[in-house]
Structure formats: structure tokens, C-alpha cells
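Topology and contacts: notes
The primary structure of each chain is shown beneath.
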Amino acid sequence: MAVAVAPEVVVGAASPLVGVYRPAAPVFVAGRGCTLIDEQGREYLDLTSGIGVNALGHGDAGIAAALTDALATGVIHTSNLYRTAPAARLAAELVEHSFADQVFFCNSGAEANEAAVKFARRWARARGGEAKHEVVALRGAFHGRLFGSLALTDRPSFQAPFTPLMPGARFADATDLSAVRAAVTAGSTAAIIAEPVQGEGGVLPLAPRTLEALREIATAADALLIFDEVQCGLGRTGRLFAYETAGVAPDVLTLAKPLAGGLPMGAVLVTEDVGAALRPGDHATTFGGGPLVSSVALHVVGRIAQPAFLRNVRALGARVQDVLSSWTVLPQVRDVRGVGLMWGIELTTAAAPVVARALDAGLLVLTAGERVLRLLPPLTIEADELERGLALLREVL
Ligand SMILES: *Cc1c(COP(=O)(O)O)cnc(C)c1O
């Protein structure tokens, strides 16, 4: 039975939605650029981009046009039993701009990582049999919440209620490369997986020499290197791909959050060598790479890949760095770190109350773990909006 529900009922204990989220109070009904507007007409400055998804902000005209054009064809889905043009064009575009030779499309970040692990195991089997199945992840990693990706996510509290998870997941501390070396062996390791900039783990950019070492350790053990750029990829760091900063190319790379401008989409980029290990039937998804989402993603990737767009992200990032580095004098700020438009402010106290106070002040920011405030503004944010957001956050602090 359809009933009109007041917003407090929608988010309350009697909600018809399963209670796995704790949504904040505002109910957003409109958005433009970096501004979201709630039912009361109150405006909020959005420094979250829907957790790194709305890279082109809200109400982007190009996304609307791509959607309208795709809808007008009448073909929003065919399944992967048939070919459609937008997915092929998008794959070609991603290949042209990256290390990769082939792309698999899916529907989320966790799914992309599950596929990446399957691909790695498929590739490794020909080299070392079933024993060569392990995946080594890093301390602080977040790769998703499905059974494989959750096994590779370094949050015991997320894992504990759902064990047993995927076997063969191991963790090593990236600040101790000898520990990584010890965890990786030619006989047992299929892949190393890492986020070039850890997101949920507290916004931790891995040093270029760490990424280089991971590359070298993976190659020496005849294992694949998987970069999870679900959060840090597609322009967030000021480069189209985060790995470009260190000049270290992986064998497999996963994308999702910003890929289709807010529609669900993930991608796994692979080298020819990895692609050659995969056969029809090895993996599949009903929805992945459909013409509607692919059309929108073509617009998003086309915009972000423009050199001037990326240059602007780097310039804005340099400004954020300037401002935030002066905050380390504040007693409650322990550290600031980040790159491009992905920043973490580590506090000496819990971050959630600061997020709540920021919301009251009309500013949307994120946490990353217990004590880190995280900023992931739309990549299209204007310089003055960024200044205003940072000034507001400093006042809240
Ligand atoms: C968000 C995220 C995921 C999971 O993506 P979902 O679309 O939520 O499944 C995986 N890896 C990283 C680095 C992420 O930030």
C-alpha cells in the first residue's frame, strides 16, 4: 500500500528501508553544481560528491543531454548477449588513456574488485595451479563489502559478523616493505591489490616509491598488481588515473564511483596478458556496460580526460593544500594529507560530531574512519566555493 510518509518516518526506526544506513536529517530534492537543496529550500555546499561519485557536480547539462539522447534510442538495456555501441566506445576511450588493452564493465566498485580477483586467479592458475590463488592487500585497505572484496578490506568489525569470507586474503603493512615481500610468494600469490590513495582508510596517498616497490614485488613473484582506483581514479588526484603520478602501471585497475556520473557502473581495466587468460563464461553480469550508463560515462570520461580539466583540479588541489597546511596549528588537527581534490584532516578527536556540526552550518563533509574528516568535492567546484567551504569548516572546527 502506498502511503505518504513524512521524512522523519523515512529515516526513522519504522522506515521501509533496511536499517544498514544512518542517514542524516536533510531530504535533498534538488541540486546544481556543488549545491544541494533540501525540502525546506535550505542550501548546502557539497564537499562529498555523494562519496566521490558526482565528479561533475549536480545537474550537469552534459550528463542530462547524454541521458536524454540515450533514452531517445529506446535501447537502455540489451544484456551482454548482444553488442551495443556505447560500451565499445567507452572501452576504447579508457584503453586509449591508460595502460590497459581491454575493459570489463560491471555495476559497482565492490563488483569491479570481485571481478579483478577472479581475473587474477584465472590468470594465475595457468602459472601455478590452484595454490597460486592468494591476494595480498594492504593494512588500512577498503575494497568493498562483498565476500571477496570484504575479505580484502582491513576492517575486522566489518568482517566479523559475516565470516567465513573468501579464503586466500592476506594483509601486509605498506610502510614495512619487508612484510609485503614476506607475504608475497611465487607459489601462492595471484595478485597484490592496493589503492594508490587509500580512501576509507583515512585518505592516505601511498608514496611513489611504495607503488614502485609493489610493482617490483608483484613482478618478481609472477603475480599481478591490481590498483583499486574506485575512489581515487578518474581525475580525483588531478591525473586521469592516480597511478600516473608515480608512473607505476598496474596489470589490472578497477574504477567505479565517478564513472557514470551517479549511475551505477564499475570497470575493470586489464592488460592484454590478463585479458588473454579469460574465456567466454569465466565471468558475466546482466547489467554491466549497458547503453544508458555507458553513454553517460562517455560524457564523464570525455570531460575529465581533458588536459585543462585535470590542470584545474591540480590547481584547486594546490590551493587546498595551502589552506589546510595552515590548520595544523589548530589543537584538534593532528595531520592533513591528500592530493588533487581528495583530502583528509586527521583530528585528535572523533570526526563524526564535526560532520554533524558542519551539516548544521550548511556544509556537507565526510569522515574516513573514526578521526579523519574527508573532503571529496565535485571536481568542477569553483575556486570561491572551495574557499567558502574551507572557511566554513575551519569555523566549525
Ligand atoms: C567505495 C569503494 C569501493 C566499493 O565500491 P561500491 O560501489 O560501494 O561497491 C571499493 N574500493 C574503494 C577504494 C572504494 O572507495
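Residues numbered from 1 in each chain as written. Predicted model: local features only at pLDDT ≥ 70, side-chain atom pairs only at ≥ 80, totals over all residues. Heavy atoms only, no water.

1. Here's the deal with the side chain of Gln-198
Under the convention used in this document: Strands here mean DSSP runs of E at least two residues long; helices mean DSSP runs of H or I at least four residues long; both are numbered from the N terminus. Residues count as neighbours in contact if any of their non-hydrogen atoms are within 4.5 Å of one another.
Residue position: Gln-198 is located in strand S8 (residues 197-198). Beyond its immediate sequence surroundings of up to four residues, Gln-198 is in contact with Leu-138, Arg-139, Gly-140, Ala-141, Val-203, Leu-204 and Met-342.

2. Details of the site of the ligand
Rules: Definition of nearness: a residue and a molecule or strand are near each other if at least one heavy atom of the residue lies within 4 Å of the molecule or strand. Side-chain atoms alone can form a polar contact between residues adjacent in sequence; in general such a contact is a pair of N or O atoms within 3.5 Å, and within protein one must be able to donate a hydrogen while the other accepts it. Here the open area of atoms and residues is found with the Shrake-Rupley method and a 1.4 Å probe, where only the protein chains shown may cover a residue.
Lining the immediate environment of the ligand, one finds Ser-108, Gly-109, Ala-110, Asn-113, Phe-142, His-143, Gly-144, Glu-195, Asp-228, Val-230, Gln-231 and Lys-257. Between Gln-231 and the ligand, the recorded distance is 2.7 Å, taken from a side-chain N or O atom to an oxygen atom. Within the side chain of Lys-257, one N or O atom sits 2.6 Å away from an oxygen atom of the ligand. Within the complex, 80% of the 380 Å² of free accessible area of the ligand lies under protein. Tallying contributions element by element places helix H5 (residues 109-128) first for the shell around the ligand, with three residues.

3. Observations regarding the pairing of strand S17 (residues 372-375)
As a reminder, the rule being used: Burial here depends on accessible area, computed with a 1.4 Å probe over protein chains only, as a share of the maximum for the residue type. Under 20% is buried, over 50% is exposed, and the range in between is partly exposed. Strand pairing follows a simple DSSP-based rule, namely that at least 2 bridges must link the two strands.
Residues of S17 alternate between two faces, with Val-372 and Arg-374 on one and Leu-373 and Leu-375 on the opposite face, all of them buried. Here strand S14 (residues 342-347) runs beside S17; their pairing, made up of four bridges, is antiparallel. Bridging from a neighbouring strand, Ile-345 pairs with Leu-373 of S17. Bridge count for strand S16 (residues 366-367) against S17 is two bridges, and the pairing is antiparallel. Across the sheet, the residue bridging to Thr-367 is Leu-373, located in S17.

4. As for the packing of helix H4 (residues 85-96) against helix H12 (residues 291-304)
Going by this rule: Helix axes use the C-alpha atoms of the stretch in contact, all axes being lines fitted to C-alpha atoms, and the angles between their N-to-C directions lie in the range 0 to 180 degrees. When an angle is under 35 degrees it counts as roughly parallel; over 145 it counts as roughly antiparallel; between 65 and 115 it counts as roughly perpendicular; any other value is oblique. Crossings are assigned a handedness: left-handed for a near helix turned anticlockwise from the far helix by less than a right angle, right-handed for a clockwise turn. In this classification, the charged set is Asp, Glu, Lys and Arg, the nonpolar set is Ala, Val, Leu, Ile, Met, Phe, Trp, Tyr, Cys and Pro, and all remaining amino acids, among them Gly, are polar.
Between H4 and H12, the shortest axis-to-axis distance is 8 Å and the interhelical angle comes to 30°. One element, H4, and the other, H12, form an angle in the roughly parallel class. When you trace H4 past H12, the crossing you get is left-handed. Here Pro-86, Ala-87, Arg-89, Leu-90, Glu-93 and Leu-94 of H4 lie close against H12, whose contacting residues are Pro-291, Ser-294, Ser-295, Ala-297, Leu-298, Val-301 and Gly-302. Class assignment of the residues belonging to the contact of H4 with H12 gives a composition of eight nonpolar, three polar and two charged.

5. Structural notes on helix H14 (residues 352-360)
Operational definition: This arc corresponds to the set of directions leading from the helix axis out to the C-beta atoms.
Residues of H14 that are buried include every one of Val-354, Val-355, Ala-358 and Leu-359, and no others. Buried residues of H14 fall within an arc of 145° about the axis and therefore sit on the same side. At its buried positions, H14 is contacted by strand S3 (43-46), S14, strand S15 (363-364), S16, S17 and helix H15 (383-396). The positive-phi residue at the C-terminal boundary of H14 is Gly-362, with phi of around 85°.

6. Let's talk about the confidence of the model for the chain
Low-pLDDT portions of the prediction should not be read for the details of their coordinates. The line we're drawing: The pLDDT score gives, residue by residue, the confidence of the prediction method on a 0 to 100 scale.
Per-residue pLDDT for the chain has a mean of 96; in total, 97% of the residues score no lower than 70. Contacts for the low-pLDDT stretch residues 1-7, under 50 throughout, to residues beyond four places or in other chains number three contacts.

7. A closer look at the nonpolar core
Defined as follows: Here, nonpolar core refers to any group of buried Ala, Val, Leu, Ile, Met, Phe, Trp, Tyr and Cys residues whose side-chain atoms link them within 4.5 Å.
Ranked by internal contacts, the top residues of the largest apolar core, which has 83 residues, are Ile-345 and Leu-373. Among residues more than four places away in sequence, those in contact with Ile-345 are Leu-324, Trp-327, Val-333, Asp-335, Val-336, Arg-371, Val-372, Leu-373, Leu-375 and Leu-393. One finds Ala-120, Phe-158, Leu-165 and Val-268 within the second-largest nonpolar core, a separate group that totals 29 residues.

8. Here we look at the pattern of salt bridges
Stated formally: The salt bridge criterion pairs a side-chain nitrogen of Lys or Arg with a carboxyl oxygen of Asp or Glu, the two atoms within 4 Å.
Under the defined criterion, the tally for this structure stands at 14 salt bridges. Arg-215 is the salt-bridge partner of Asp-251, the closest N and O atoms lying 2.9 Å from each other. In this pair, Asp-251 sits in the loop between helix H10 (243-246) and strand S11 (252-255) while Arg-215 sits in helix H9 (residues 208-220), placing the two residues 36 residues apart along the sequence. Residue Asp-251 shares its accessibility class with Arg-215, and that shared class is buried. Close ionic contact of Asp-335 with Arg-337 constitutes a salt bridge, the shortest N to O distance being 2.9 Å. The buried category is assigned to Arg-337, whose relative accessible area is 14%. The structure contains a network of salt bridges with shared partners spanning Arg-334, Asp-335, Arg-337 and Glu-346.

9. A look at a nonpolar patch on the surface
The following threshold applies: Exposure above 30% relative accessible area and no salt bridge define the residues that can form patches, which grow by joining like charges within 9 Å and nonpolar side chains of Val, Leu, Ile, Met, Phe, Trp and Tyr within 5 Å.
A grouping of Val-18, Val-20 and Tyr-21 is seen on the molecular surface, where their side chains present a nonpolar patch of about 410 Å² in accessible area. Relative to the helices and strands, Tyr-21 is located in the loop between helix H1 (7-10) and strand S1 (28-32). Note on Tyr-21: relative accessible area 70%, which makes it exposed.

10. Side note on the packing of aromatic side chains
For clarity, the threshold we go by: When the centres of two rings from Phe, Tyr and Trp lie within 6.5 Å, Trp using its six-membered ring, the rings pair. Their planes under 30 degrees apart give stacked, over 60 give edge-to-face, and anything left gives tilted. By definition, being over a ring means that NZ of Lys or CZ of Arg is both within 6 Å of the ring centre and within 35 degrees of the ring normal.
Going through the model one piece at a time under the given rule, you end up with four aromatic pairs. Taking the centre distance of 5.6 Å and the plane angle of 85° together, the rings of Phe-104 and Phe-119 count as edge-to-face. With a gap of 15 residues between them, Phe-104 in strand S4 (residues 102-106) and Phe-119 in helix H5 connect regions that are remote in the sequence. Residue classification places Phe-104 among the buried positions, given a relative accessible area of 17%. For Phe-119, a relative accessible area of 4% translates into the label buried. Ring centres 5.7 Å apart and planes at 15° place the aromatic pair Phe-241 and Tyr-243 in the stacked group. You'll find Phe-241 and Tyr-243 in the same group, each marked buried. Above the plane of the ring of Phe-158 lies Arg-145, whose end atom (NZ or CZ) is 4.0 Å from the centre.

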